[in-house]
Amino acid sequence: MSMNESEEMVRQLASAYAAMPQQFEVDADEVKRAVAARRRWSRRTVAITGAVVVAALGGVVLPQLRQPDDWGTRTVAAPVVIGSGGAFETRASTTARDWVEGANVVVVAEVTGERRGTASGTGDGTGDKFVGRWVILAVERQVWKRAGGPALTSGSTVEVSAPGWVARADGSMAPLALNGQPRLEPGHTYVVALSARVCRTDTTRAASWSTLGSGAVIPADDGVLGFGESEGRIVAGDVDHTTPGSLERQLLGDGTDALASALDAQQADMPPSPPAVTSC
Amino acid sequence: MTADFEWFVKEVQQDMHNLALALTGGHVHEAKDLVQSSLERIWARWDRLRIEEPRAYARTVVAREFATVRRRVRWNFERLQAATPDLPVDDSTASSDQALVLLSALSRLPRRQREVVVLRYLVDMSVAEVASILSCSEGSVKRSAYDGLRGLRAVLRQPAEGGDASCR
């Protein structure tokens, strides 16, 4: 396209743009109301310093709690308190490499039940407590397995620890979730990387299972990665709700077969580390 | 200050809406949402703002908001591109026909080319400004601008499928 043609095209565009209909009106009060509603959320932001020991994560998580913004549909009745955790975990669990290095199996599982765990103080002087939670995962399918280690068959169940609640000094309870991570809500399906502690005498049998870490769970309702529950709300492939560089972001919108391929490809590049052992 | 904001809204709303329509390729509802969220962003820091050129400022906010929202919902947005744009059809004047043809043509450009063409040529932003808003290099902006113009020219030269675009 010549320079003259370009200039002519730009002139045409400008002319057409100037001719666009002039009939749009905004209600300024509505704008103000929307901003005021959002500010009410932020005023309720809480910052709690201290430590939460989330047994399933195998490490200490320092939470900086906030109320989430209001996008998405909430799957739990009460507003969810978000803790940013993971910085002090002993094992990374975000990338395909992390999963292949640390997990024994990766499964598609539905959460079918939950129960309360023990409570521990938040350490912020408010009297608030973190209440643990255990959830039952019903395995639908094993997507990937470390060679030579324990397996989980379809139909089997495992109980793992998950983010629970913040029990306020005033007696109220608010569900807790980790920043950008699923809460593991009953009725939803997830891809979960699980690590096993195995018996010294029989490394093919798991003595116990736990999630690999705070990045070890990906929402997967209907088998689509990134769709389902996260932070107690429904997410639908929201890239900004995932961790940069994470396996979840890499495979957003894909099926579980793509996950298996990604893990297999990763495994081909590296030797697996041995699972943790325990006396049985 | 509150009254100032109402004046500001009246002053810029049409500009913002037209830019939003062009950026979204004629998706009326997305455009309205984009204007609303942009104005919310402005009102949220209204007390701290010193705006010398309301229209230019509003356009920049819309463009930045669009880029932010697009990144946030990239996956969904790209899936929606198969849908026909819901072009405004509530004005039957010749000038509005021209605008509809423009929106229709813009909606058929690849997303990045459309963004660059709209920001560079419709609201007259500099290459550097566009690159900053879209978080890409100036070279990429120039390339997309060239490709976008060429694509628009090809689209506009094609005979309308199924009749006049203004009849949609």
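Residues numbered from 1 in each chain as written. Chains lettered and ligands numbered in written order. Predicted model: local features only at pLDDT ≥ 70, side-chain atom pairs only at ≥ 80, totals over all residues.

J.: Explanation requested: the overall build of chain B in the structure shown.
T.: In terms of helices and strands, chain B carries eight helices and zero strands. Along the chain direction, N to C, the helices and strands of chain B fall in the order α-α-α-α-α-α-α-α. Among the 168 residues that make up chain B, the fraction classed as buried is 38%. (Helix = DSSP H or I, 4+ residues; strand = E, 2+ residues; numbered from the N terminus. Buried ≥ 20, exposed ≤ 12 C-beta atoms within 10 Å, placed from the backbone.)

J.: What is the right way to read the overall build of chain A from this model?
T.: Across its full length, chain A holds five helices and 13 strands. Expressed as a percentage of its 280 residues, the buried residues of chain A come to 39%. Across chain A, every contact between residues at least 6 apart in sequence was considered, and the portion connecting residues at least 24 apart equals 67%. (Contact = placed C-beta atoms within 7 Å.)

J.: Just to check I follow, could you spell out the nonpolar core for this structure?
T.: Soluble globular proteins tend to bury their nonpolar side chains together. Core analysis: the biggest nonpolar cluster contains 50 residues, and B:A20, B:A22, B:V62 and B:L102 have the highest contact counts within it. Of all the secondary-structure elements, those providing two or more residues to this core are α1 (3–18) of chain A together with α1 (2–23), α2 (28–44), α3 (54–72), α5 (94–107), α6 (111–122), α7 (127–134) and α8 (138–157) of chain B. In terms of residue count, the dominant contributor to this core is α1(B) (nine residues). Setting aside chain neighbours within four positions, we find B:A20 in contact with B:A31, B:L34, B:V35 and B:V62. (Core = buried A, V, L, I, M, F, W, Y, C linked by C-beta atoms within 7 Å.)

J.: When you look at the packing of α6(B) against α8(B) in this model, what are you seeing that I'm missing?
T.: When two helices pack together, their arrangement is given by the angle between the helix axes and the distance between those axes. Residue and element names in this part refer to chain B. Packing of α6 against α8 brings their axes to within 8 Å, and their N-to-C directions diverge by 95°. One element, α6, and the other, α8, form an angle in the roughly perpendicular class. Contacts from R112, Q113, R114, V116, V117 and R120 in α6 reach V141, S144, A145, D147, G148, L149, G151 and L152 in α8. Classifying every residue of the contact of α6 with α8 gives six nonpolar, four polar and four charged. (Axes fitted to C-alpha atoms, helices over the stretch in contact; angles between N-to-C directions. Parallel < 35°, antiparallel > 145°, perpendicular 65-115°, else oblique. Nonpolar A, V, L, I, M, F, W, Y, C, P; charged D, E, K, R; others polar.)

J.: Please explain the pairing of strand β7 (residues 173–178) of chain A as it appears in this structure.
T.: Put simply, side chains in a regular strand alternate between the two faces of the sheet. Residue and element names in this part refer to chain A. Where strand β6 (residues 157–167) and β7 come together, three bridges link them in antiparallel fashion. Within β7, the residue paired with W165 across the bridge is P175. The antiparallel pairing of β6 with β7 creates a hairpin that spans five residues between the two strands, and G171 there sits at a positive phi of about 95°. (Pairing = 2+ DSSP bridges.)

J.: Quick question: what am I supposed to make of the pairing of β6(A) here?
T.: Residues and elements named next belong to chain A. The buried fraction of β6 amounts to eight of the eleven residues, a majority that puts the element mostly inside the structure. Sheet topology note: the strand β5 (residues 129–145)/β6 ladder contains nine bridges and is antiparallel. Across the sheet, the residue bridging to F130 is V166, located in β6.

J.: What's the story with the confidence of the model for chain A in this structure? I'm lost.
T.: Residue and element names in this part refer to chain A. Taken residue by residue, chain A gives an average pLDDT of 77. The fraction at 70 or more is 75%. Per-element confidence in chain A is highest for strand β10 (residues 217–219), whose mean pLDDT is 95, and lowest for strand β2 (residues 59–61), whose mean pLDDT is 36. In this model residues 41–74 is a low-confidence stretch, pLDDT under 50, and it forms 78 contacts with partners more than four residues away in sequence or in other chains. (pLDDT = per-residue confidence, 0-100.)

J.: How do you make sense of the confidence of the model for chain B when you look at a structure like this?
T.: All names here are of chain B. With 75% of its residues at a pLDDT of at least 70, chain B reaches an overall mean of 76. In the model of chain B, helix α4 (residues 74–80) stands out as the element of lowest mean pLDDT, 36, in contrast to α6, which has the highest, 91. Confidence drops under pLDDT 50 across residues 73–94; counting only partners more than four residues distant or on other chains, this segment forms 28 contacts. Note on residues 160–168: pLDDT is under 50 here. Beyond four places in sequence and across chains, it has eight contacts.

J.: Would you take a moment to explain unusual backbone geometry for this structure?
T.: Excluding glycine, residues mostly have negative phi values, and the peptide bonds linking residues are mostly trans. The phi dihedral of A:E231 falls on the positive side, at around 55°, and the residue is not glycine. Following the sequence through the fold, A:E231 ends up in the loop between β11 (227–230) and β12 (233–236). Phi is positive for B:D124, which is not a glycine, with a value near 60°. Mapped onto the elements of the fold, B:D124 is located in the loop between α6 and α7.

J.: Teacher, can you tell me more about the environment of A:T94 here?
T.: All names here are of chain A. With respect to the secondary-structure elements, T94 resides in the loop between β3 (81–83) and α3 (96–102). Through-space distance from the C-alpha of T94 to that of P244 is 9.2 Å; in sequence the pair is 150 residues apart. Residues contacting T94, with those up to four places away along its chain left out, are G215, T243, G245, S246 and L247.

J.: Looking at this structure, how should I read α6(B)?
T.: Structural remark: α-helix, 3.6 residues per turn; residues separated by three or four positions point the same way. Residues and elements named next belong to chain B. With twelve residues, α6 extends 15 Å from end C-alpha to end C-alpha; this agrees with the ideal 16 Å at 1.5 Å per step. Burial runs high along α6: ten of the twelve residues are buried. Just past α6, the residue D124 takes up positive phi, approximately 60°. (Expected span 1.5 Å × (residues − 1).)

J.: I'm lost on the packing of α6(B) against α7(B) in this one. Help?
T.: Residues and elements named next belong to chain B. Across the interface, α6 lies against α7 with an axial gap of 9 Å and an inter-helix angle of 140°. Taken as axis vectors, α6 and α7 run oblique relative to one another. Crossing handedness for the pair α6 and α7: right-handed. Contacts between α6 and α7 involve E115, V116, L119 and R120 from the first element and V127, V130, I133 and L134 from the second. Residue composition of the contact of α6 with α7, by class: six nonpolar, no polar and two charged. (Left-handed = near helix turned anticlockwise from the far one by under 90°.)

J.: Where do I start with the environment of A:A138 in this structure?
T.: All names here are of chain A. Residue placement: A138 occurs in strand β5. We classify A138 as partly exposed; it has 16 C-beta atoms within 10 Å. Expressed as a C-alpha distance, the spacing of A138 and A109, which sit 29 residues apart in the sequence, is 5.2 Å. The residues contacting A138, other than those within four sequence positions of it, are A109, E110, T112 and T157.

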